[in-house]
There are 2 protein chains.
Amino acid sequence: MNEKVISALREIYGERLKTSLEDRICYSYDATGKEFLPDAVAYPLNAEEVRRTVLLANEHRFPVVPRGAGSGFSGGSLPVRGGVVLSTERMDRILSIDTENLVAVLEPGVVTETLKEEVKKKGLFYPPDPASLKFCTIGGNLAECAGGMCAVKYGVTRDYVLGLEAVLGTGELVRTGVSTVKGVVGYDLTRMLVGSEGTLGIITRATLRLVPLPEFAATLLAFFPTNEMGAKAVAGIVEERITPCAMELMDRTAVDCVRQSADLSLPDETGCALLIEVDGQEATVAREADRVEGACRRFGALEVRRAADAAGRDKLWALRRSISPAVRKVNPVKINEDIVVPRSRLAEMFAFLSGLAERKSLKIVNFGHAGDGNIHVNVMISGKDEDERRRAEEAVEEVFRKTVELGGTISGEHGIGIAKAPYMEMEVGPLGVSVMKRLKSCFDPNGILNPGKIFLEEAAVRR
Amino acid sequence: MNEKVISALREIYGERLKTSLEDRICYSYDATGKEFLPDAVAYPLNAEEVRRTVLLANEHRFPVVPRGAGSGFSGGSLPVRGGVVLSTERMDRILSIDTENLVAVLEPGVVTETLKEEVKKKGLFYPPDPASLKFCTIGGNLAECAGGMCAVKYGVTRDYVLGLEAVLGTGELVRTGVSTVKGVVGYDLTRMLVGSEGTLGIITRATLRLVPLPEFAATLLAFFPTNEMGAKAVAGIVEERITPCAMELMDRTAVDCVRQSADLSLPDETGCALLIEVDGQEATVAREADRVEGACRRFGALEVRRAADAAGRDKLWALRRSISPAVRKVNPVKINEDIVVPRSRLAEMFAFLSGLAERKSLKIVNFGHAGDGNIHVNVMISGKDEDERRRAEEAVEEVFRKTVELGGTISGEHGIGIAKAPYMEMEVGPLGVSVMKRLKSCFDPNGILNPGKIFLEEAAVRR
């Protein structure tokens, strides 16, 4: 980006355009740990500024990279080809929470937890709950179609979007969708944009659906001797027609990581822990908790603990919450994947992962949202051993192959970005890639929006 | 379509290609009552036959029009430019119902009720319930993104699609999406196809999400003196954080239609009837029914009847079910629209409709899925009076304008087809239309898939 372009951007943003090295460094990384310096960072206040930026980018052919909080695990917000990062942090207004129609309208920079807290005050619930909800933004959630713990019952971000306002790669400012649950007027541009990782359009406003806040919840923590028994309990609970709002499984490797650190004693023989939460009305919750407990025991649980009050539930959740810090302590570098397999294949997947770790002499820690089949596979590496890194890369590829073979998907909630671009074709095939490229060229003909993402030959970097 | 093309089609279909006038007449109409003769009708057995047909159509440039049961209200399955109708009635297999993963895989010709019944046998529930569910097909439901009564709680067809197999307008056979609730690998081609009315691709297989079958239900029928009071009760119930699985409102015009025919005595002063159903576990259902009854009384109900057993519930539903036959008896020709407004604007919409009927000297009967703001506006015409028809057309346009003004959408579940093509721009604007056209040209560059639908200048016919 030359001086002329920078001046033109300064005309739009004034003091809100930053070009100093310090400022650029702050927007050069995300949760992948990779770094790419942008040429400039701008803080738009409204859709019109975004539109003008994209028009300018089409004229001068520089990359425009939208960014929420930079908490993504696939590199979606990294400026891999430089250009200008558009940080949405100053577009952070909740414009309305409509309690009659159960709809919220907001700007993309709203932090997910802020939205959840604000609607909660009105007795409402915005379910998607990515682990980073304390800092990640709704714009990023929409761009990646974020999931979380409660997707097994409540679905993912896509299921709560009614309409969007976005600037397409052409610079056109479009309004898509509706403000109501129903609406079938033309093509579904709304869901075309959700999960498109900022490569088709930059979201500048969203209309989201809310639901009534569940009144009660109960949490159960069950310990099993083996991964297989825990995984079978997950499928068994669903097969009994219970729909918990969370089913978090920690396999033996994850349990071992937290055994010391968690303020919670575990049965000695524990090889797998399963945290289950049910929510709803008081009568229902108690009954469902009973049924879940019964199912866990039938599937061989060593012990089942249970809490219905907030303090007790928090204590049980501590085990699950302590995994990430514990893992970081054990090994600071990890390759974090988020595969999904059909629930009925979870046991098979865990067996495969355990064999793979042994074969490749790697530490692989697995935990995640087992209720929807979503496992976070964390390959632990020192970061300095080249051979170990190579083995880890081979292991990841094997994990992806096995995932696809089991009828699963290589990304449940993190997206493709740069991290999974080399593997996307494995799942969607060359034809799928070609169709998606056609879509890209349709809405971003000059390839100025978040270039280097999703598609392999465009990907500026590999792992 | 010349003899050469017919011979080529016969090579694919053999005896399953029909060209006699009688056969073609059978596939020339749908629920709009309009008729367009196709040149031929074929009954594919698999995706490969569909693919070969689309390739042939690209070579010889003839229209290919997919058709389920022809029960649509917007003309989606009408061969307005001739060509070959592909009837999916022989692709009617349910390939699997997976009770561990709560997923069904099926061909497009499966009748919606058949799927619902088959999964019910396994304690599962496929929620979408368009009024035509006894004969309409899943393929048609997917193409139009069908809704129904229970969308207020359970959502619409789009919310139950995990993945699709489809032949694009280019002849490419693509597999989209996943078999799991989560999945964010590339663009959302699945939801791009849902609701695209057979203009981007022909769906040849679907992977659908199922949920546990609710155990109990209770039905309430409340009578109000005015539309306004009924409409306010709808918004009031939702605002109290109750989510019924159905809230069907019949306004004064609809109540008057069925007053005689229904086997149910109504309070004399009834100006509006509201049927509400709650479902779930036994304890919850009773409690929610109490709360709904309380809310109805607070909003001025003259009387509230309630039933929890099947026979009693059926009796209450009789009133709602008798509307369509009663309306047909009163007046055989109707223009049936399916607008949606935010629930909080229902009262305003009903007042507008009542004033409009008076101003235009028309009979307009309104009823529908008020829980999600979806109203079926039926403009009754004799069909012979030219002036009346003109007034009806003016009225429909006014209804659409008011709908958009109130933040609603001109089609909640019927789609655009030919019936609403002249009005789509009113809602999505010229830019929305232009973006959608770009999408169309991307996946059907030669315009062979269901031509004359959705876009105005392509629309072969007006009302």
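Residues numbered from 1 in each chain as written. Chains lettered and ligands numbered in written order. Predicted model: local features only at pLDDT ≥ 70, side-chain atom pairs only at ≥ 80, totals over all residues. Heavy atoms only, no water.

Draft legend 1. Region of the structure containing the domain arrangement of chain A. All names here are of chain A. Along its sequence, chain A is organised into domain 1 (3–89), domain 2 (91–212), domain 3 (216–324) and domain 4 (330–405). Taken residue by residue, the interface counts 4 residues in domain 2 and 4 residues in domain 4. In total, domain 2 and domain 4 occlude about 280 Å² of area from one another, counting both sides; carbon and sulfur atoms represent 62% of this. The largest contributions to the domain 2 side of the interface with domain 4 come from Gly148, Met149 and Val152, which together make up 89% of the buried area. Put simply, domain 2 and domain 4 have 0 salt bridges between them. Summed over the shared surface of domain 2 and domain 4, the result is 0 residue pairs in polar contact (both at pLDDT 80 or more). (Domains from an automatic or database assignment. Contact = heavy atoms within 4.5 Å. Buried area = accessible area lost by both parts, 1.4 Å probe. Salt bridge = Lys/Arg side-chain N within 4 Å of Asp/Glu carboxyl O. Polar contact = N/O pair within 3.5 Å; in protein donor to acceptor, adjacent residues only side chain to side chain.)

Draft legend 2. Spatial organisation of the relation of the copies chain B and chain A. By a simple turn and slide, chain B fits onto chain A: the slide is 0.0 Å along the axis, the RMSD is 0.0 Å, and the turn is 180 degrees. The relationship between the two copies is best expressed as a two-fold rotation axis. Mapped onto chain A, 100% of the interface residues of chain B are again interface residues, and the two copies thus contact each other with one and the same surface. (Least-squares fit on C-alpha atoms with pLDDT ≥ 70 in both.)

Draft legend 3. Looking closely at the side chain of A:Ser77. Position of A:Ser77 relative to the elements: it lies in the loop between strand 3 (64–67) and strand 4 (84–87). When residues no more than four places from it in sequence are discounted, the contact partners of A:Ser77 are A:Asp30, A:Val65, A:Pro66, A:Arg67, A:Gly70 and A:Lys453. (Helix = DSSP H or I, 4+ residues; strand = E, 2+ residues; numbered from the N terminus.)

Draft legend 4. Local environment of the interface of chain B and chain A. Every contact between the two is made by 84 residues of chain B and, on the other side, 84 residues of chain A. The interface formed by chain B and chain A contains 10 salt bridges. Notably, a salt bridge pairs A:Asp372 with B:Lys182, separated by 3.2 Å at the nearest N-O pair. Inspection of the region where chain B meets chain A yields 35 residue pairs in polar contact (both at pLDDT 80 or more). At the level of elements, strand 9 (173–177), helix 7 (189–193), helix 8 (227–239), helix 10 (282–298) and helix 15 (424–443) of chain B are the ones that each hand at least two residues to the side of chain B that touches chain A. For the side of chain B that touches chain A, a count of residues per class yields 35 nonpolar, 27 polar and 22 charged. (Nonpolar A, V, L, I, M, F, W, Y, C, P; charged D, E, K, R; others polar.)

Draft legend 5. Structural context of the pairing of strand 12 (residues 216–224) of chain A. Residue and element names in this part refer to chain A. Most of strand 12 sits out of view: 8 of its 9 residues are buried. Pairing of strand 12 with strand 14 (residues 272–280) involves 9 bridges; the strand directions are antiparallel. Bridge pairing in strand 14 links Ala222 to Leu274. Alignment of strand 12 against strand 15 (residues 303–307), held across 5 bridges, turns out to be antiparallel. Bridge pairing in strand 15 links Ala222 to Val304. (Buried < 20%, exposed > 50% of the residue type's maximum accessible area, 1.4 Å probe, protein only. Pairing = 2+ DSSP bridges.)

Draft legend 6. Spatial organisation of a nonpolar patch on the surface. Residues and elements named next belong to chain A. On the surface, a cluster of nonpolar side chains totalling about 240 Å² of accessible area is made up of Leu21, Ile25 and Leu37. Relative to the elements of secondary structure, Ile25 occurs in helix 2 (residues 21–26). With relative accessibility at 39%, the residue Ile25 sits in the partly exposed group. (Patch = residues over 30% accessible without salt bridge, like charges linked within 9 Å, V, L, I, M, F, W, Y side chains within 5 Å. Areas by Shrake-Rupley, 256 points an atom, 1.4 Å probe, with all protein chains shown as cover.)

Draft legend 7. Examining helix 1 (residues 3–13) of chain A more closely. Residue and element names in this part refer to chain A. Those residues of helix 1 that fall on the buried side of the exposure criterion are Val5, Ile6, Leu9, Ile12 and Tyr13. Viewed end-on, helix 1 has its buried residues packed into an arc of 110 degrees, placing them on one side of the element. Set apart from the buried face of helix 1 by more than 90 degrees, the exposed residues are Glu3, Lys4 and Glu11. On its buried face, helix 1 is in contact with strand 1 (17–18), strand 2 (40–42), helix 3 (47–60) and strand 4. Just past helix 1, the residue Gly14 takes up positive phi, approximately 55 degrees. (Arc of directions from axis to C-beta.)

Draft legend 8. Region of the structure containing the sheet that holds strand 14 (residues 272–280) of chain B. Residues and elements named next belong to chain B. Strand order in the open sheet formed by 7 strands is 15-12-14-13-17-18-16, and the pairing between neighbours is antiparallel. Each having just a single partner strand, strand 15 (303–307) and strand 16 (333–340) make up the two edges of the open sheet. If you compare each strand with its neighbour and ignore which way they point, the axes differ by 15 degrees on average. Here helix 11 (residues 310–321) sits on the sheet and contacts strand 12 (216–224), strand 13 (246–250), strand 14, strand 15 and strand 17 (363–369); the angle it forms with strand 12, its principal contact strand, is near 45 degrees. (Axes fitted to C-alpha atoms, helices over the stretch in contact; angles between N-to-C directions.)

Draft legend 9. Expanded view of helix 3 (residues 47–60) of chain B. Residue and element names in this part refer to chain B. The terminal C-alpha atoms of helix 3 lie 20 Å apart, and with 14 residues this matches the ideal 20 Å at 1.5 Å per residue to within 8%. Those residues of helix 3 lying buried are Ala47, Glu49, Val50, Thr53, Val54, Leu56, Ala57 and Asn58. Check the buried side of helix 3 and you find it contacts helix 1 (3–13), strand 3 (64–67), strand 4 (84–87), strand 8 (161–168), strand 9 and strand 10 (201–209). Put simply, Asn46 is the residue that caps the front of helix 3, since its side-chain oxygen is 3.2 Å from the backbone nitrogen of Glu48. (Expected span 1.5 Å × (residues − 1).)

Draft legend 10. Expanded view of the sheet that holds strand 15 of chain A. Residue and element names in this part refer to chain A. Reading across the sheet, the 7 strands line up as 15-12-14-13-17-18-16 and stay open at both edges, with antiparallel pairing between neighbours. If you trace the sheet from one side to the other, it starts and ends with strand 15 and strand 16 (333–340), each paired once. For this sheet, the mean inter-axis angle between neighbouring strands, taken without regard to orientation, is 15 degrees. Pairing analysis gives 7 bridges linking strand 17 (residues 363–369) to strand 18 (residues 374–381), with the strands arranged antiparallel. Across the sheet, Asn366 pairs through a bridge with Val377, a residue of strand 18. Strands in contact with helix 10 (residues 282–298) are strand 12, strand 14 and strand 15; relative to strand 12, the strand with the most contacts, it is inclined by about 5 degrees. Where helix 11 (residues 310–321) meets the sheet, it contacts strand 12, strand 13 (246–250), strand 14, strand 15 and strand 17, and its direction lies at approximately 45 degrees from that of strand 12.

Draft legend 11. Molecular detail of the packing of helix 9 (residues 252–261) of chain A against helix 12 (residues 323–330) of chain A. All names here are of chain A. Closest axis-to-axis distance for the helix 9/helix 12 pair is 9 Å, and the angle between their directions is 95 degrees. By the criterion of interaxial angle, the relationship of helix 9 to helix 12 is roughly perpendicular. Residues Ala254, Cys257, Val258 and Ser261 of helix 9 form the contact with helix 12, whose participating residues are Ile323, Ala326, Val327 and Val330. (Parallel < 35°, antiparallel > 145°, perpendicular 65-115°, else oblique.)

Draft legend 12. Quick peek at the packing of aromatic side chains. Residues and elements named next belong to chain A. Applying the stated rule across the entire model yields 10 aromatic pairs over all chains. Seen in terms of ring centroids, Tyr126 and Tyr160 are 6.1 Å apart; in terms of plane orientation they differ by 75 degrees. Their pairing is edge-to-face. Here Tyr126, found in the loop between strand 7 (124–125) and helix 5 (138–144), pairs with Tyr160, found in the loop between helix 6 (151–154) and strand 8 (161–168); they are 34 residues apart in sequence, far enough to count as distant. Both residues of the pair, Tyr126 and Tyr160, count as buried. Both rings, one in Phe400 and one in Tyr423, keep their centres 4.8 Å apart while their planes meet at 65 degrees; by these two values the pair is edge-to-face. One end of the pair, Phe400, is in helix 14 (residues 386–405); the other, Tyr423, is in the loop between helix 14 and helix 15 (424–443), and 23 residues separate them in sequence. (Phe/Tyr/Trp six-rings, centres within 6.5 Å; stacked < 30°, edge-to-face > 60°.)

Draft legend 13. Quick peek at the pattern of salt bridges. A complete count under the given rule lists 68 salt bridges over all chains for this structure. Taking the shortest distance from any N to any O, the salt bridge between A:Glu398 and A:Lys360 comes out at 3.8 Å. A residue pair is termed long-range when its members are at least 10 positions apart, and A:Glu398 in helix 14 and A:Lys360 in the loop between helix 13 (346–359) and strand 17 qualify at 38 residues. For A:Glu398, a relative accessible area of 24% corresponds to the partly exposed category. Residue classification places A:Lys360 among the buried residues on the basis of a relative accessible area of 13%. B:Arg175 is the salt-bridge partner of B:Glu165, the closest N and O atoms lying 3.4 Å from each other. Highlighted residues: B:Glu165 in strand 8 and B:Arg175 in strand 9, separated in sequence by 10 residues. Here the salt bridges share partners, and the residues they tie into one network are A:Arg359, A:Lys360, A:Asp387, A:Arg390, A:Arg391, A:Glu394 and A:Glu398.

Draft legend 14. Structural context of the side chain of A:Glu197. Along the chain, the position of A:Glu197 falls in the loop between helix 7 (189–193) and strand 10 (201–209). For the buried A:Glu197, no salt bridge is present, and the opposite-charge side chain at shortest range is A:Lys453, 6.9 Å distant. Once you skip the residues sitting within four places of it in the chain, A:Glu197 turns out to touch A:Ala143, A:Glu144, A:Gly415, A:Ile416, A:Gly417, A:Asn450, A:Ile454 and B:Val184. (Lys, Arg positive; Asp, Glu negative; His and termini not counted.)

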